[in-house]
Amino acid sequence: MKGISELFRPSRKRRSDETKQSDLVLPEGLCRRFSLAEIKIATNNFDEYFVIGQGDYGTVYKGFIDDPTTISVAIKRVNIDSRAGFHELKTELLLLCQLRHSNLAPLIGYCLDHRQMILVYQFIFNGNLGEHLYGTNHDNPLPWKQRLRISIGVARVLHYLHTGLKHTIIHRNVKPSNILLDEKWEPKLADFVSYKLGPPSLSKALIRVDSSAYSGVQSSTLEHIDPEYFVCGELIDKSDVYSFGLVLLQLLCGRKTLEQRQLLEWVRKCKREGTINEIGDPYLMGKIAPECFKKYVDIATSCVQNKGKNRPTIGEVQVILEHALELQESADAARKDVDPGGDHYNYPIVEYTCSASPPESEPEESVSDSDITATIWENF
Ligand SMILES: Nc1ncnc2c1ncn2[C@@H]1O[C@H](COP(=O)(O)OP(=O)(O)OP(=O)(O)O)[C@@H](O)[C@H]1O
């Protein structure tokens, strides 16, 4: 089974692939092909001044296409050492060009000239979610309802990827730095460099991926990986659900997982002891309606169950998050009736013991939860 390293291995087929460059014609209107000259103009010859990010597979530049006042783009230049053969990239491009969802970062085009592999995306204005939760933009914390709407947008696009197409697409890299926020604070899921295609029904067929595929990738990617997948190499749609569950917890806690290695242990302990209210971002204290909080914590923690089969589907997660938002909105509306100028009203801090979760481990399982937990932490 191909993993990231295979997808981007320095290709032995490079020579033959390059001879096929001229064949790379994508369906008209789906995706624009840029020349290297155009990309160089857009980035001032890959000037460091235009760098806006550095990921596992390359560098991202901000640039302008055609008219500096109209189209601003994010240009991802895939590292030459980690790139796929042109044939693989063409397959990827064909797929990416056809994905349409309001919560996906739109791909505008590509450039494959002169041994370059470059993807051109629409520039997403408000940076990535990580910056707003714990990074450079943390001074202006995101309000709770905005966090809920962001989580719903991401759940919707994952639902689309998992079930809305002929094949299931597993994103594999759901984490705050890959959730971009547009000018209306709508989330746009980015970074399809590592996605995998799966059969339409994943219930019987698993995708097996060598976990060594992750050697050399950023720790921020590793810390969001489904532990069961990491140990057993079995990739399922619920692997994205696990990563998304961590994002949900980060949205609530405003803390980075690696800073809080025991985040999950901590959350579980607080749930057991009825002190779950302690995990919230201090900025959110008193701003979350108790009934919304309960729904949210229950669904977030069920997403991060160690075993995939115990996690909900992304469709179920989406419905519950939408319900949590409704609960928050009706509690806010009721609050306004009682206290019209109620901006300073605080919801009571609830003593909250969670509803029962499905069992985390069963005797017949070949890999125990403690194996999974030990392995994933050892690899940090
Ligand atoms: N379309 C875009 N618009 C605006 N900024 C973007 C866009 N795409 C990427 N970025 C910025 O560039 C940064 C780097 O992106 P990239 O996807 O390469 O790396 P990453 O998310 O940090 O790590 P990884 O490669 O593991 O996903 C992102 O965090 C984001 O802030």
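The structure displayed is predicted, hence computed values, not measured ones.

### Details of the overall build of the protein
Check the secondary structure of the protein and you find 13 helices and twelve strands. Out of the 380 residues in the protein, the part that is buried amounts to 52%. Pairs at least 24 apart in sequence give 73% of the contacts found in the protein among residues at least 6 apart. When the accessible surface of the protein is summed, it comes to about 17500 Å², and 52% of that surface belongs to carbon and sulfur atoms.

### Overview of the site of the ligand
Contacts to the ligand come from 22 residues, most closely from D56, I124, K175, N178 and D191. A distance of 2.8 Å is found between a nitrogen atom of the ligand and a backbone nitrogen or oxygen belonging to I124. Here the ligand has 600 Å² of accessible area as a free molecule, and 92% of this is covered by the chains. Those elements that place two or more of their residues in the shell around the ligand are β2 (51–54), β4 (71–78) and β6 (118–122). Sorting elements by how many residues they give to the shell around the ligand places β2 first, with three residues.

### A word on the pairing of strand β3 (residues 58–65)
Burial within β3 is extensive, with six of its eight residues counted as buried. The pairing of β2 with β3 spans three bridges and is antiparallel. Bridging from a neighbouring strand, V51 pairs with Y61 of β3.

### Observations concerning the UniProt feature "binding site: ATP" (unreviewed entry) in the protein
Summarizing the sequence annotation, UniProt attributes the feature "binding site: ATP" (unreviewed entry) to K76 in the numbering used throughout. Secondary-structure assignment places K76 in strand β4. By relative accessible area, which is 9% here, K76 ends up buried.

### Examining the state of the cysteines
For the coordinates displayed, the defined rule picks out zero disulfides. Counting only cysteine sulfurs, C253 is the nearest neighbor of C292, a cysteine outside any disulfide, at a range of 14 Å. On the basis of relative accessible area, C292 is assigned to the buried category, the value being 0%.

### Details of the nonpolar core
Proteins that are soluble and globular tend to have nonpolar side chains buried together. Counting 72 residues, the largest nonpolar core has L129, F244, L248, V317 and L321 as the members making the most contacts within it. The contacts of L129, once residues within four sequence positions are left out, are L142, I150, P176, I179, L181, V247 and L251. Counting residues in hydrophobic clusters, the runner-up holds twelve residues, among them I39, Y61, I65 and V73.

### Description of helix α10 (residues 263–273)
For α10, every residue scored as buried is listed here: L263, L264, V267, C270 and K271. Viewed along the axis of α10, the buried residues span an arc of 130°, placing them on a single side of the element. Buried residues along α10 sit against α9 (237–253) and α11 (290–303).

### Description of unusual backbone geometry
One non-glycine residue with positive phi stands out, namely F46, at about 55°. With a phi close to 65°, W185 is a non-glycine residue in the positive phi region. In this structure, W185 sits in the loop between β8 (179–181) and β9 (187–189). On the basis of relative accessibility, which here comes to 26%, the residue W185 falls in the partly exposed class.

### Considerations on the packing of aromatic side chains
Evaluated as defined, the whole model comprises three aromatic pairs. Here the aromatic rings of W144 and Y296 are separated by 4.9 Å at their centres, their planes lie at 75°, and the arrangement is edge-to-face. Of this pair, W144 sits in helix α6 (residues 144–163) while Y296 is found in helix α11, placing the two residues 152 residues apart along the sequence. A relative accessible area of 4% places W144 in the buried class.

### Quick word on the packing of α6 against α9
Where α6 contacts α9, the two axes come as close as 11 Å, and the packing angle between them is 175°. Relative to α9, α6 is oriented roughly antiparallel. Seen from α6, the contacting residues are W144, R147, S151, V154, A155, L158 and H162; seen from α9, they are D237, D240, F244, L248, L251 and L252. Here the contact of α6 with α9 is composed, by residue class, of eight nonpolar, two polar and three charged.

### Comments concerning helix α12 (residues 314–338)
Taking 1.5 Å per residue, 25 residues should reach 36 Å; α12 reaches 36 Å between its end C-alpha atoms and fits that length. What α12 keeps buried is the set I314, G315, V317, Q318, L321, A324, L325, Q328, A331, D332 and R335. Where α12 is buried, its residues touch α6, α9 and α11.

Analysis parameters
Residues numbered from 1 in each chain as written. Predicted model: local features only at pLDDT ≥ 70, side-chain atom pairs only at ≥ 80, totals over all residues. Heavy atoms only, no water. Helix = DSSP H or I, 4+ residues; strand = E, 2+ residues; numbered from the N terminus. Buried < 20%, exposed > 50% of the residue type's maximum accessible area, 1.4 Å probe, protein only. Contact = heavy atoms within 4.5 Å. Areas by Shrake-Rupley, 256 points an atom, 1.4 Å probe, with all protein chains shown as cover. Near = heavy atom within 4 Å. Polar contact = N/O pair within 3.5 Å; in protein donor to acceptor, adjacent residues only side chain to side chain. Pairing = 2+ DSSP bridges. UniProt positions renumbered as here; feature names shortened; annotations may be inferred. Disulfide = S-S within 2.5 Å. Core = buried A, V, L, I, M, F, W, Y, C linked by side-chain atoms within 4.5 Å. Arc of directions from axis to C-beta. Phe/Tyr/Trp six-rings, centres within 6.5 Å; stacked < 30°, edge-to-face > 60°. Axes fitted to C-alpha atoms, helices over the stretch in contact; angles between N-to-C directions. Parallel < 35°, antiparallel > 145°, perpendicular 65-115°, else oblique. Nonpolar A, V, L, I, M, F, W, Y, C, P; charged D, E, K, R; others polar. Expected span 1.5 Å × (residues − 1).

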